[in-house]
Amino acid sequence: MKKVLITGANGQLGGELVEVFKDWTVVSTDQENLDITDPKQTKEVLKKEKPDWVIHCAAWTDVEGCAENPEKAMFINAEGTKNLALACKEIGAKMVYISTNEVFDGKKKTPYSESDKTNPINPYAVSKLAGEKFVNDILEGSGVIVRTSWVYGPKGKSNFPLKIIAAADKFGELKVVDDEFATPTYAPDLAKAIFDLVQKNPSGVYHLVNEGSCSRFEWATLVLKKTERNSVKLINIKLKDFQRKSKPPKRAILTNIRARSLGVELPKWEDGLERFLK
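Thresholds, definitions, all that
Residues numbered from 1 in each chain as written. Predicted model: local features only at pLDDT ≥ 70, side-chain atom pairs only at ≥ 80, totals over all residues. Heavy atoms only, no water. Pairing = 2+ DSSP bridges. Helix = DSSP H or I, 4+ residues; strand = E, 2+ residues; numbered from the N terminus. Axes fitted to C-alpha atoms, helices over the stretch in contact; angles between N-to-C directions. Contact = heavy atoms within 4.5 Å. Salt bridge = Lys/Arg side-chain N within 4 Å of Asp/Glu carboxyl O. Buried < 20%, exposed > 50% of the residue type's maximum accessible area, 1.4 Å probe, protein only. Phe/Tyr/Trp six-rings, centres within 6.5 Å; stacked < 30°, edge-to-face > 60°. Lys NZ or Arg CZ within 6 Å of the ring centre and 35° of its normal. Left-handed = near helix turned anticlockwise from the far one by under 90°. Nonpolar A, V, L, I, M, F, W, Y, C, P; charged D, E, K, R; others polar. Disulfide = S-S within 2.5 Å. Core = buried A, V, L, I, M, F, W, Y, C linked by side-chain atoms within 4.5 Å. Expected span 1.5 Å × (residues − 1). Right-handed = clockwise from strand over helix to strand, strands pointing away.

Once that is clear, we can look at the sheet that holds strand β2 (residues 25-28). Within the open sheet, the 6 strands sit side by side as β2-β1-β3-β4-β5-β10. Their pairing is parallel. Each edge of the sheet is formed by a strand with only one pairing partner; in this case those strands are β2 and β10 (204-207). The sheet shows a mean angle of 20 degrees between the axes of neighbouring strands, taken without regard to direction. Here strand β1 (residues 3-7) runs beside β2; their pairing, made up of 4 bridges, is parallel. The residue bridging V4 from the neighbouring strand is V26, located in β2. Helix α4 (residues 70-91) rests against β1, β3 (53-56) and β4 (94-100) of the sheet, and its axis sits at about 165 degrees to β4.

Printed below as a string of structure tokens:
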């Protein structure tokens, strides 16, 4: 039986991966039993467990926190990934690294393919791209980089739809940006796509997002409509009006070209939202 080690197994994607890999031997890790920023411990855990695959979901994803403390972002997201990649190389394990659409600057009018040039514009994205580079360099192109966007799911505690519902109930009026575009990606769909991709023994960069795209405003509108919060007033604002330390790319829509060529596809984002709200 094959064995997979999942970092960040308590997160909203990691938790779904634990379920989709249920026919494998699954080693679930979090900060308590695997501190990826500790190279010695990382090597010891991987040598002991000897997984065939490592799926690396653990990350510091607080984009505002990363903007305030870029050194910490690099330490966790880049150095942590480097430690894991080195340990994978030593035991001959294949590695999947979960990255982000934010490695792009958002200036392209059409969706980004896997071969498009990266250009991160915030510290979180810089740290995640540095992680990509470590995976690529250390594993000499045999590593797998999965970029995704706007992940949410039933195991999330404070994802976008939940925040919208909570704020709607509390304030009865919401301001949401209408000029930031990407694809909401439902964690169970993403986990299944990663599982399907792993069966193909892949390498290189893959974009895995639900089909289609929308603005934050359009996403919020659909959340309120589907949960029958029709009396809540939604006001559209611009990114420049929304005060925050981290600057997101305006239009970082991904297209799944390489995965689709292998037969790995995800449903429409609206379909994912429908299942989430049920």
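Right, let's get into the pattern of salt bridges. On inspection of all chains with the given rule, the structure shows 26 salt bridges. Between K43 and E90 there is a salt bridge, and its shortest N-O distance comes to 3.2 Å. Of the two residues, K43 sits in helix α2 (residues 39-49) while E90 sits in helix α4, which places them 47 residues apart along the sequence. According to the relative accessible area criterion, E90 is partly exposed, its value standing at 41%. Ionic pairing is found between E49 and K48, a salt bridge with its closest N-O pair at 3.2 Å. In this structure E49 comes out as buried when scored by relative accessible area, which is 18%. Using a relative accessible area of 66% as the deciding quantity, one classes K48 as exposed.

Counting across every chain of the model gives 9 aromatic pairs. The interplanar angle of 10 degrees and the centroid separation of 5.5 Å between the aromatic rings of W150 and W219 together place this pair among those described as stacked. Of the two residues, W150 is situated in the loop between β5 (144-148) and β6 (151-152) and W219 in helix α8 (residues 216-226); the sequence distance between them amounts to 69 residues. As far as the burial class goes, W150 and W219 line up, both buried. Aromatic rings pair up to connect W150, Y152, F160, Y186, W219 and F276 into one cluster. The ring centre of W60 lies 4.2 Å from the NZ or CZ of K72, which sits over that ring.

Between helix α6 (residues 160-171) and α8, the least distance of the axes is 10 Å, while the angle of their chain directions is 65 degrees. The two elements α6 and α8 meet at a crossing, and its hand is right-handed. Residues F160, P161, I164, I165 and A168 of α6 touch α8, and the partners they reach there are R216, W219, A220, V223 and L224. Its residues assigned to classes, the contact of α6 with α8 shows 9 nonpolar, no polar and 1 charged.

This part takes up the state of the cysteines. If you walk through the whole model with that rule in mind, you get 0 disulfides. Lacking any disulfide linkage, C88 is separated from the closest cysteine sulfur, that of C57, by 13 Å. Under the relative-accessibility criterion, C88 is labelled buried at 0%.

Time to look at the nonpolar core. Core analysis: the largest hydrophobic core is formed by 25 residues, its most contacted members being L17, I55, I194 and L208. The element contributing the most residues to this core is helix α7 (residues 187-199), with 6 residues. Setting aside chain neighbours within four positions, we find L17 in contact with I6, I55, C57, A191 and I194.

Look at α4: 31 Å from first C-alpha to last across 22 residues, which is about the 32 Å you get at 1.5 Å a residue. Of the positions making up α4, those classed as buried are A73, I76, N77, A78, G80, T81, N83, L84, A85, A87 and C88. Check the buried side of α4 and you find it contacts β1, α2, β3, α3 (63-68), β4 and α5 (123-138). Phi turns positive, to about 75 degrees, at G92, one or two residues after α4.

Look at any regular strand and the pattern is simple: side chains alternate between the two faces of the sheet. Within β5, 5 of the 5 residues are buried, which leaves it mostly tucked inside the rest of the structure. Residues V144, V146 and T148 point to one face of β5 and I145 and R147 to the other, with burial holding for every one of them. Sheet analysis places β4 next to β5, joined by 5 bridges and oriented parallel. Counterpart to V96 in the pairing with β5 is V144. Each parallel crossover has a hand, and the one from β4 via α5 to β5 is right-handed. Where β5 meets β10, 4 bridges bridge the pair, whose relative direction is parallel.

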